[in-house]
Amino acid sequence: MGLHPLEFSESYLDSPAFREKIKAHEAELDKTGRFIKELYKDGKNLINATKQLSLAQKKFAQCLGEFKFEYIGDAKTDDEKCIDESLQEFSSFLRNLEDQRDLMMRNITETLMKPLEKFRKEHLGSAKAERKRYEKETEKYYSSLEKLLNMSAKKKEPQLQEADMSVEAMRQHFQESSLEYVCKLQEIQERKKFECVEPMLAFFQTVFTFYHQGYELAKDFDHYKKALQINIQNTRSRFEGTRSEVYELMKRIKESPQEYRQTSPISSEGYLYVQEKRPPPFGSSWVKRYCTFVKEQKILHMKTFDQRSGGKLGETESVTIKSCVRKTTDTLDRRFCLDIEITDRPITVLTVQAVSEDDHRFWMQAMGGKEPMQYLNRTHSRERGIDAQLDDVGICFVKNSINAIETRGINDQGLYRVVGVSSKVQKLLILMIDEKSSEIDLAASEDWDVKTITSALKLYLRSLPEPLMTYELYKEFIVPAKSATPESRVQAIHCLVHKLPERNRLVLSLVTKHLANVAANSKQNLMTVANLGVVFGPTLMRPQEETVAAIMDLKFQNIVVEILIEQHEKIFGDAPSSSPSLAATPLSAPARQSKRLSRQNRPLAVYNPQVLDIQTVSPSSESPGLVNDETSVGSNESVSSQSSNASGTPPEKSKNHHATISTSLPDSTGICTATASWMNSASPALVTPVKPGLVGTEKNKPEESVTLKKAKAVYPCEAEHDSELSFQVGAIFHDVTLSREPGWLEGVLEGKRGLIPENYVEIL
């Protein structure tokens, strides 16, 4: 059984049972006070711990945002740009989340900590004060009563009457105090039920709203995550291709380092030890210098540098060379020495020492010495011993191979990635290019499996004396892949393809059309356009000089090949209308509003138990204005989680009953006004943020959705996400409305509803 009620009539009797009841009530209030004090202390610890967590996460976000990846080369691919920006994007997501956490902590202080502390101090404190007053009146009354009863009956009547009146006054004060104390005890016992629980309700509502904000951020992040995963996968695939090329080049250089020593036709570089003569008796010393000899000007630049001294650079000295002769060991007891005759120093002969015999011959040849060395001409064909030519036999082999692959193995997993046995591949290729390929129908022959045919086709293209896209146009093909916009890239590559020799363009068309067919079956063969770009980038185009810098451009080769595959019909179907200039800035549509970068801190909704305006809304009378406001206010985030579902269609309004609670707090609290929508029992109670000032007054009702009816496209647009619409100039949109995304509209085009950049259209 709970506490016994305190009857006012018992205050006059002041029985032992009444006193026991009062003690029970007092004990309950003491327990409540201790509970609130302990809860307040734990709440403070929770807030402090959360603040420390928030500070740590903000520091982590700051560290992410400040770091930037460096890249090798002079440009980045689109995928690399997205990856470089990802750390800033992660930082933005994390800061946004922590801003919401800070707001939650402030709201918890206002809605939980302060109300509990106020109840403890004001109400429980007043009960304690009333208790002291009651005990004091009790002591005074019963002391005066005992004193009265102990008075002698022989006292004079006026004295007795005066004593009686004094005791009676004290009795009245005591009874009044008793009545007020009893009333106060019962009032507080009843008040604590809601004074303690309502702040807890506000606390949990604030916490759940924070988690809901996190859920909304997670939905936005999911869209970004999927796009970034594609960027990462493309970059990883290109890395694998680049790494294999780098290792192959390193292997060839290890086998014949001198063949790859000369990297520039106009200068020669390397270390030489220079003899510096000193006055007697000090003799001479040999100083290591990094030397660069400019052949045309016959100038030798010498820079002092020693790796053992921490890599500090010394001064650079330049001399003009007249002649160079080999110095024999008869005159100097050191090997690999040269005497260089110079014209611009008092000392006319400079003695230098190479680091090896091969290095000695290298410098002799570079400086025009008497022992010239003959370099072996390097061939750029990756495979030796195969005489592949771009003639009728070769073109016939390409057609034969493509027909066989599309007939027998278009759906084979890993097509072109899975390689055949090297000996079989070379045997097939030699057979096909040495004899008439029409005599063997690879589509009907079971002697050669598909992976052998695909490998032979790649080997043929790699073994041509010059790649299909030619050395001459290599750099021109790379330029648009590095710097141009997607539209101008296609235009530039379109023009460059038609600069190729006719046979090259014919074979390139055959190959890229075939690769487009392969990519169309990527669900079965797993070979997407990006994967095919990695495989055929270095096969269809490559630089004349094999260097690490050139290999770093493999990723741009892949992009060019991807464009050739994706835009095959346009590029090879018609001749280009004009030759674009990448230097000129093309007329382009205005920049679209970035949904990713437009995130703002949305208000954190708070349930305030002090002001309640509860309205039950039936489905038939549900206000469209209220629903529109709930979907039009909040964050400026990804439409995938807000204004449309995965198919780009706006989500339907809920058919459940709503109980709308309008709440408000003074501006000084820093807590925004909010509207809480409780769905039916199957839905979690979540608070949906609305604009401040829209709740509670008739004139500030949520606005109806503004319908603009029709709009016309003035710029072409290609959708970047499923929720957006792609369109050309002149497209007409129906049922156009303002979107919750700043800078965007929603409309219907060809039966599909989606997002439209506001500055790409004009309203009709």
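Residues numbered from 1 in each chain as written. Predicted model: local features only at pLDDT ≥ 70, side-chain atom pairs only at ≥ 80, totals over all residues. Heavy atoms only, no water.

Looking up the protein chain in an unreviewed UniProt entry gives the name Rho GTPase-activating protein 10, with the organism given as Onychostoma macrolepis.

Q: Mind showing me how you'd approach helix 6 (residues 392-408) here?
A: Two residues of an α-helix separated by three or four positions point the same way, owing to the 3.6 residues in each turn. Taking 1.5 Å as the rise per residue, helix 6 with 17 residues should run 24 Å; its terminal C-alpha atoms sit 24 Å apart, in good agreement. Contact partners of the buried residues in helix 6: helix 7 (422-434), helix 8 (450-463) and helix 11 (502-520). (Helix = DSSP H or I, 4+ residues; strand = E, 2+ residues; numbered from the N terminus. Expected span 1.5 Å × (residues − 1). Contact = heavy atoms within 4.5 Å.)

Q: What is the right way to read the pairing of strand 4 (residues 313-327) from this model?
A: In regular strands, side chains alternate between the two faces of the sheet. With six bridges connecting them, strand 3 (residues 299-305) and strand 4 associate as antiparallel partners. Counted as the bridge partner of H301 is S318 from strand 4. Sheet topology note: the strand 4/strand 5 (residues 337-342) ladder contains six bridges and is antiparallel. Within strand 5, the residue paired with C324 across the bridge is I340. (Pairing = 2+ DSSP bridges.)

Q: Whenever I open this one, the packing of helix 6 against helix 11 confuses me. Can you help?
A: Two packed helices can be described by the angle between their axes and the distance between those axes. One can describe the packing of helix 6 onto helix 11 by two numbers: an axis separation of 11 Å at closest approach and a directional angle of 5°. With respect to helix 11, the element helix 6 is oriented roughly parallel. Two secondary-structure elements touch here, helix 6 through D392, I395, V398, K399, I402, I405 and E406 and helix 11 through R503, L506, V507, L510, V511, H514 and N517. For the contact of helix 6 with helix 11, a count of residues per class yields eight nonpolar, two polar and four charged. (Axes fitted to C-alpha atoms, helices over the stretch in contact; angles between N-to-C directions. Parallel < 35°, antiparallel > 145°, perpendicular 65-115°, else oblique. Nonpolar A, V, L, I, M, F, W, Y, C, P; charged D, E, K, R; others polar.)

Q: What is the right way to read the pairing of strand 1 (residues 267-277) from this model?
A: Direction of pairing for strand 1 relative to strand 2 (residues 284-294): antiparallel, over a ladder of 11 bridges. Pairing of S268 across the sheet is with F293, part of strand 2. Where strand 1 and strand 6 (residues 349-353) come together, two bridges link them in antiparallel fashion. From the neighbouring strand, Y273 faces strand 6, where its bridge partner is Q353.

Q: What exactly am I supposed to notice about the pattern of salt bridges here?
A: Side chains that differ in charge, positive against negative, can pair when their charged atoms come close. For the coordinates displayed, the defined rule picks out 36 salt bridges. Salt-bridge contacts for E80 lead to K555; the nearest nitrogen and oxygen are separated by 2.8 Å. You can see E80 sitting in helix 3 (residues 78-149) and its partner K555 sitting in helix 15 (residues 554-566), a full 475 residues away along the chain. The pair E80 / K555 is uniform in exposure class, with both members buried. The salt bridge involving K499 is made with E476; its shortest N-O contact spans 3.6 Å. Of this pair, K499 sits in the loop between helix 10 (486-497) and helix 11 while E476 is found in helix 9 (residues 474-483), placing the two residues 23 residues apart along the sequence. By relative accessible area, which is 47% here, K499 ends up partly exposed. (Salt bridge = Lys/Arg side-chain N within 4 Å of Asp/Glu carboxyl O. Buried < 20%, exposed > 50% of the residue type's maximum accessible area, 1.4 Å probe, protein only.)

Q: Would you take a moment to explain a nonpolar patch on the surface for this structure?
A: A cluster of nonpolar residues, F204, F208 and Y211, forms a patch on the protein surface that exposes about 340 Å² of accessible area. The residue F208 is located in helix 4 (residues 157-255) in this model. Owing to a relative accessible area of 42%, F208 belongs among the partly exposed residues under this scheme. (Patch = residues over 30% accessible without salt bridge, like charges linked within 9 Å, V, L, I, M, F, W, Y side chains within 5 Å. Areas by Shrake-Rupley, 256 points an atom, 1.4 Å probe, with all protein chains shown as cover.)

Q: Got a minute to help me understand the packing of aromatic side chains in this structure?
A: Two measures describe an aromatic ring pair: the distance that separates the ring centres and the angle between the ring planes. Applying the stated criterion across every chain, the model contains 20 aromatic pairs. Ring centres 4.9 Å apart and planes at 90° place the aromatic pair F93 and F221 in the edge-to-face group. In this pair, F93 is assigned in helix 3 and F221 in helix 4, connecting sequence segments 128 residues apart. Of the residues examined, F93 reaches a relative accessible area of 9% and is grouped as buried. Between Y715 and Y760 the ring centres are 5.9 Å apart and the planes differ by 65°, which places this aromatic pair in the edge-to-face class. Here Y715 is found in the loop between strand 11 (707-713) and strand 12 (732-738), whereas its partner Y760 is found in the loop between strand 14 (752-757) and strand 15 (761-763), with 45 residues between them in sequence. Judged by relative accessible area, Y715 falls into the partly exposed class, the value being 31%. In textbook terms, an aromatic cluster arises when at least three aromatic residues are bridged by ring pairs, as seen for Y134, Y141, Y142, F174 and Y181. K288 extends its terminal NZ or CZ atom over the ring of Y271, reaching a point 4.9 Å from the ring centre. Note that R334 overlies the ring of W286, its terminal NZ or CZ placed 4.3 Å from the centroid. (Phe/Tyr/Trp six-rings, centres within 6.5 Å; stacked < 30°, edge-to-face > 60°. Lys NZ or Arg CZ within 6 Å of the ring centre and 35° of its normal.)

Q: How should I be thinking about helix 8 in this particular structure?
A: The end-to-end C-alpha distance of helix 8, which contains 14 residues, comes to 20 Å, matching closely the 20 Å that a straight helix rising 1.5 Å per residue would cover. Burial runs high along helix 8: 12 of the 14 residues are buried. Every buried residue belonging to helix 8 is among V450, T452, I453, T454, S455, A456, L457, K458, L459, Y460, L461 and S463, and all of these are buried. Against helix 6, helix 7, helix 11 and helix 13 (529-540) lie the buried residues of helix 8.

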